[in-house]
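# Chains, contacts and geometry: an overview
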Amino acid sequence: KMTLPLDPVKTRRWRKNNHSGTTLDMRRTINASLRTGGEILKWQKKSKNLYQPYVVLMCDISGSMKNYSRVLTHFLHTVVQKHKTVSAFFFGTQLTNITTKLRSKNVNKALSEISRLYIDWGAGTRIGHAIGDYNRQWAKKTPSQNKVMILISDGLDSDAGKNLKQPVEQLRILCRKIIWLNPLLRYEHFRPISSGSLILKPFVDLFLPIHNLESLEDLVKVIKSTNNSSRM
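The sections below set out a description of the structure shown in this document.

## Observations regarding the packing of helix 5 (residues 127-137) against helix 6 (residues 165-174)
Relative orientation of the contacting elements helix 5 and helix 6 amounts to 40 degrees, with a least axis distance of 9 Å. Considering the angle they form, helix 5 stands oblique to helix 6. As helix 5 packs across helix 6, the resulting crossing turns out to be left-handed. Where helix 5 approaches helix 6, its residues G128, I131, G132, Y134 and N135 are matched on the opposing element by P167, V168, Q170, L171 and L174.

Take a look at the structure:
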């Protein structure tokens, strides 16, 4: 039943809307009155433009994330099923787009199809390589200014942060918001001090735990509140 609150968000721009607009458009009203000798026959109205947020989910399936991979895959399946403006990727030492596989309504069939892909389950994690691949191959295929990136990883990078900063800097430009979900945040005294984590953390808007269903529910609440606060 869980999903993401991806309601349309208002922008600063206005559009013509005589049907349901609630704001008077004086410029169009005056321009229209010029055609009737200055007499206003109909008030012109406008409303704010809306856009549908686009969400990219990148899920770490390395060895250190194996305890969380199955429930996270089910979560990704649910989200992709309910939203057309969502893309999902697995990454370890390489990046794999699993969006089309998750379109299958039967989650077991989707998992079976994903298992046939060449995916490096339980291997290492090359975060910089994965983000770089996304920037080069997939970023231009989705709206950039409206995009939210949700990175699911413990931040334990096999490359020790090598070649990570530049891809993350570019990703920061391409996305409206970056959310990092880390299962290690479940531990009270955890601090992101690994080489990869130290590079990644400054570019992140939200840093949240993800280790059980309750944390997924909290994620939904946080995204809903941030979407509401960002509406213009």
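## Focus: helix 1 (residues 26-33)
Turning to helix 1, its buried residues are T29, A32 and S33. Projected onto a plane normal to the axis of helix 1, the buried residues spread over an arc of 100 degrees and lie on a single side. Of the surrounding secondary structure, the elements contacted by the buried residues of helix 1 are strand 2 (23-24). N-cap assignment for helix 1: the residue whose side-chain oxygen lies 3.4 Å from the backbone N of R27 is D25.

## Structural notes on the side chain of S62
Relative to the elements of secondary structure, S62 occurs in the loop between strand 4 (54-60) and helix 2 (66-82). Relative accessible area serves as the criterion here: at 2%, S62 is assigned to the buried category. Of the polar contacts made by the side chain of S62, one reaches the side chain of D60; its length is 2.8 Å. Excluding anything up to four places from it in sequence, S62 contacts F91, G122, A123, G124 and T125.

## Points about the nonpolar core
If you look at the biggest cluster of nonpolar residues, it comprises 31 residues, and the most contacted ones within it are L76, I150 and I152. Residue assignment for this core shows that the elements contributing at least two residues are strand 4, helix 2, strand 5 (86-91), helix 4 (107-115), strand 7 (147-152), strand 8 (177-182), strand 9 (206-209) and helix 8 (213-229). Residue contributions to this core peak at six residues, all from helix 2.

## Section: the pairing of strand 4
Side-chain direction in a regular strand flips from residue to residue, so the side chains alternate between the two faces of the sheet. With respect to burial, strand 4 is a largely interior element, seven of its seven residues being buried. Residues of strand 4 alternate between two faces, with Y54, V56, M58 and D60 on one and V55, L57 and C59 on the opposite face, all of them buried. Here strand 4 pairs with strand 5 via six bridges, running parallel. Considered in strand 5, the bridge of D60 is made with F91. In the classification by handedness, the crossover that spans strand 4, the intervening helix 2 and the parallel strand 5 is right-handed.

## A word on the sheet that holds strand 7
Across the sheet, six strands lie side by side as 6-5-4-7-8-9; this open sheet has mixed pairing. Where the open sheet ends on each side, the last strands, each with one partner, are strand 6 (95-97) and strand 9. Going from strand to strand, the sheet's axes swing by 20 degrees on average, the running direction of each strand aside. In terms of strand pairing, strand 5 meets strand 6 through three bridges, oriented antiparallel. Paired with F91 across the strands is L95, a residue of strand 6.

## Some details on the packing of aromatic side chains
Throughout the structure, instances matching the rule amount to three aromatic pairs. Ring centres of F89 and Y134 lie 5.6 Å apart, and the angle between their planes is 85 degrees; this geometry places the pair in the edge-to-face category. Linking F89 in strand 5 with Y134 in helix 5, this pair joins segments that are 45 residues apart in sequence. Note on F89: relative accessible area 1%, which makes it buried. Residue classification places Y134 among the buried positions, given a relative accessible area of 1%. Between F89 and W138, the ring centres sit 5.6 Å apart and the planes meet at 65 degrees, which makes this aromatic pair edge-to-face. Here W138 lies in the loop between helix 5 and strand 7 and F89 lies in strand 5, a separation of 49 residues in the sequence. A residue is classified by how much of its surface remains accessible, and W138, at 26% relative accessible area, is partly exposed.

## Comments concerning the pattern of salt bridges
In this structure the tally under the stated criterion is four salt bridges. The residue R126 makes a salt bridge to D159 at a minimum N-O spacing of 3.1 Å. Note that R126 is positioned in the loop between helix 4 and helix 5 and D159 in the loop between strand 7 and helix 6, a separation of 33 residues in sequence. With its nearest N and O atoms 2.5 Å apart, the salt bridge here joins R136 to D133. Taken together, the positions of R136 and D133, both in helix 5 and three residues apart, correspond to about one turn of that helix.

Rules used in this analysis
- Residues numbered from 1 in each chain as written.
- Predicted model: local features only at pLDDT ≥ 70, side-chain atom pairs only at ≥ 80, totals over all residues.
- Heavy atoms only, no water.
- Axes fitted to C-alpha atoms, helices over the stretch in contact; angles between N-to-C directions.
- Helix = DSSP H or I, 4+ residues; strand = E, 2+ residues; numbered from the N terminus.
- Parallel < 35°, antiparallel > 145°, perpendicular 65-115°, else oblique.
- Left-handed = near helix turned anticlockwise from the far one by under 90°.
- Contact = heavy atoms within 4.5 Å.
- Buried < 20%, exposed > 50% of the residue type's maximum accessible area, 1.4 Å probe, protein only.
- Arc of directions from axis to C-beta.
- Polar contact = N/O pair within 3.5 Å; in protein donor to acceptor, adjacent residues only side chain to side chain.
- Core = buried A, V, L, I, M, F, W, Y, C linked by side-chain atoms within 4.5 Å.
- Pairing = 2+ DSSP bridges.
- Right-handed = clockwise from strand over helix to strand, strands pointing away.
- Phe/Tyr/Trp six-rings, centres within 6.5 Å; stacked < 30°, edge-to-face > 60°.
- Salt bridge = Lys/Arg side-chain N within 4 Å of Asp/Glu carboxyl O.

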